[in-house]
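# Secondary and tertiary structure notes
Spelled out, the chains give:
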Amino acid sequence: MKLKHLLISATVLGVAAQVSAADEVTVIRAGKLVDVVTGTVLKDQTIIVTGERITSVGPSASAQTPAGAKVIDLSAQTVLPGLIDAHTHLTADPYLSGYNALGVSDTRAALYGVRTARKTLEAGFTTVRNVGAGGFGDVALRDAINEGDFIGPRMRTAGYAIGIKGGHCDENLLPPDVNFTGRGVADGPWEARAKVREMAKYGADVIKICASGGVLSKGDEPGAQQYTLEEMQAIVSEAHKLGRKVAAHAHGASAIHDAIVAGVDSIEHASLIDDAGIKLAKEHGTYLVMDIYDDDFILQEGAKAGMLPESIEKEKKVGQIQRDNFRKAFQAGAKMAFGTDAGVYPHGDNARQFYYMVKYGMTSMQAIQAATINAADLLGWKDRVGSISVGKYADIIAVKGNAADDATELTKVSFVMKGGAVIRQ
Ligand code: ARG
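Residues numbered from 1 in each chain as written. Predicted model: local features only at pLDDT ≥ 70, side-chain atom pairs only at ≥ 80, totals over all residues. Heavy atoms only, no water.

## Examining the UniProt feature "domain: Amidohydrolase-related" (unreviewed entry) in the chain
We count it as follows: UniProt positions are given in the numbering used here, feature names are shortened, and annotations may be inferred rather than shown by experiment. The helix count covers DSSP runs of H or I at least four residues long, the strand count covers runs of E at least two residues long, and both are numbered beginning at the N terminus.
Sites flagged by UniProt as "domain: Amidohydrolase-related" (unreviewed entry) map to residues 78-421. Annotated as residues 78-421, this span is 38% helix and 14% strand, and its ends, taken at the C-alpha atoms, are 19 Å apart.

## Considering the side chain of Asn172
The cut-off we apply is this: For every residue, the accessible area (1.4 Å probe, protein chains only) is compared with the maximum for its type, and the residue is labelled buried under 20%, exposed over 50%, or partly exposed between those bounds. For the purposes of these results, a polar contact is taken to be a pair of N or O atoms within 3.5 Å, where, inside protein, one atom must be able to donate a hydrogen and its partner to accept one; residues adjacent in sequence count only when each atom of the pair is a side-chain atom. Contact definition: two residues touch when any of their heavy atoms are within 4.5 Å.
Residue position: Asn172 is located in the loop between β7 (154-157) and α4 (189-201). A relative accessible area of 18% places Asn172 in the buried class. Reaching out from Asn172, the side chain makes a polar contact with the backbone oxygen of Gly167 at a distance of 3.1 Å. Excluding residues that lie within four positions of it along the chain, Asn172 makes contacts with Gly166, Gly167 and Lys218.

## Describing the packing of aromatic side chains
Worth spelling out the cut-off: Under the pairing criterion, centres of Phe, Tyr and Trp rings, with the six-membered ring standing for Trp, must be within 6.5 Å; the plane angle then separates stacked pairs below 30 degrees from edge-to-face pairs above 60, leaving the rest tilted.
Counting across every chain of the model gives seven aromatic pairs. Between Phe125 and Phe338 the ring centres are 5.6 Å apart and the planes differ by 25 degrees, which places this aromatic pair in the stacked class. Here the residue Phe125 occupies a position in strand β6 (residues 125-130), and Phe338 occupies one in the loop between α9 (309-332) and α10 (353-359), the gap between them amounting to 213 residues. Across the pair, Phe338 and Phe125 agree in class, each one buried.

## Quick word on the site of the ligand
Where we set the bar: Note on definitions. A residue lies near a molecule or strand when any single heavy atom of the residue is within 4 Å of it. All accessibility values rest on the Shrake-Rupley procedure with a 1.4 Å probe; residue burial counts only the protein chains present in the view. Side-chain classes are defined by residue name, with Ala, Val, Leu, Ile, Met, Phe, Trp, Tyr, Cys and Pro counting as nonpolar, Asp, Glu, Lys and Arg as charged, and the others, Gly among them, as polar.
Around the ligand, a shell composed of 13 residues is seen, among which Val215, Leu216, His251, Glu315 and Asp341 lie nearest. At 2.9 Å, a side-chain N or O of Asp291 approaches a nitrogen atom of the ligand. At 2.9 Å from a nitrogen atom of the ligand is found a side-chain nitrogen or oxygen belonging to Gln322. Look at the ligand: alone it shows 340 Å² of surface, and the protein chains cover 96% of it. At the level of secondary structure, the elements contributing two or more residues to the shell around the ligand comprise α8 (294-305) and α9. For the shell around the ligand, the per-class residue count stands at three nonpolar, six polar and four charged.

## Overview of empty space enclosed by the protein
What counts is decided by this rule: In this analysis a 1.4 Å probe is tested at points of a 1 Å grid over the protein atoms alone, and where it fits but cannot get out there is a cavity; an open set with protein on both sides within 12 Å along at least five of seven lines is a pocket; lining residues have an atom within 4 Å of a point. Grid points are joined across faces, edges and corners, and a volume is the space filled by probe spheres set on the points.
What the rule picks out here adds up to one cavity of 30 Å³ or more. If you trace the largest cavity, you find it lined by Gly82, Ile84, Thr126, Thr127, Arg384, Val385, Gly386, Ser387, Tyr393 and Asp395. Looking at the lining of the largest cavity residue by residue, the classes come out as three nonpolar, five polar and two charged.

## Things to note about the environment of Ala376
Among the secondary structure elements, Ala376 is positioned in helix α11 (residues 364-379). Distance from Ala376 to Glu231, taken between C-alpha atoms, is 28 Å for residues 145 residues apart in sequence. Residues contacting Ala376, with those up to four places away along its chain left out, are Ile84, Trp381, Lys382, Val385 and Gly386.

## Digging into unusual backbone geometry
Although it is not a glycine, Phe136 sits at a positive phi angle of roughly 55 degrees. Summarising the element assignment, Phe136 is placed in the loop between β6 and α3 (137-146). The exposure class assigned to Phe136 is buried, which follows from its relative accessible area of 11%. One non-glycine residue with positive phi stands out, namely His269, at about 80 degrees. Secondary-structure assignment places His269 in strand β10 (residues 266-269).

Spelled out as structure tokens, the structure:
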């Protein structure tokens, strides 16, 4: 039923979709296959997909092709697991920033997400972690995609990002006479705990908090801490008790420090991380999710898109430092997962970040691992996505170039399969 819906919607959207029946068998011939588990490239491999899952992977020479199976020939291409972006905002339109965003309803934003979900998936991102949306628009998108209403990536959702009054996760554009407070605002350990419960109640898979100020918010500083250690300890203990991980927006060093000590699972941005923070992240196994492409878009397009002058100024202060710190943290051995803050820049351009990840110290293979196996681990979904392995969902992409030697090839994805259904060919 689900699959039938998917076929219909995909056709309506003009996508070349072929959807497998529940137990339909598809054989994929891969000229090169990127094995992200071992960090190697295997030649002439055959992947067998049964329904939504991968049921066999191995050398083509010894592969048995089941009679009647559909064959997809990617023998001239490089085949990889579907990519994962651990930091998106599918309901956010980058060209409606700052005051331009004030007139947009949560419902309108969620409908915008219908288009961005498709764009993101077609770009090869078969899974995303959406870390903040108004009106639980991300939860609605997740559920609609899962029910086959339209196509989009698998989603982990946060609902509202949680933060202090007047902080990065509040809405600070309105004058005091309006006296508006964002729904994610929670001050003090118990209020914050209650807010975690509220997010979980309405469908959050992950809890997003604002530990520091930000670039795109009004009246705060990226380097300044917002939540206290005590508040973050309450949030983390509540979230973990309820089986949810915590992602902490944190640019500044002290916010990063206290968030890691409180036990968050990932630090988002990590722009001004210092040596002590890197050491702490390693000790705690905390992932760093550093969005090092955004600077380009903010500085080139931000003013036009409505970003506040103060935001552009803040970006000029943190952008380059974040890229340098990406190199430093990676070389020191901190765990890294791919995340881009899509929504700050146009959806579907997610893979543009690979250029910077390689420029600032990763090999192409390491950047691909950050966007597959590592991100899957951070999402708590290592059992279902992140590698082309037996038992996992058949989330598979391909590119014509040699992505393992040049990750920028991932901006030109030529084939996308999600759960055995061909999305793009
Ligand atoms: N959402 C983030 C903030 O407003 C975006 C930061 C983008 N800048 C960067 N250099 N990564 O703080």
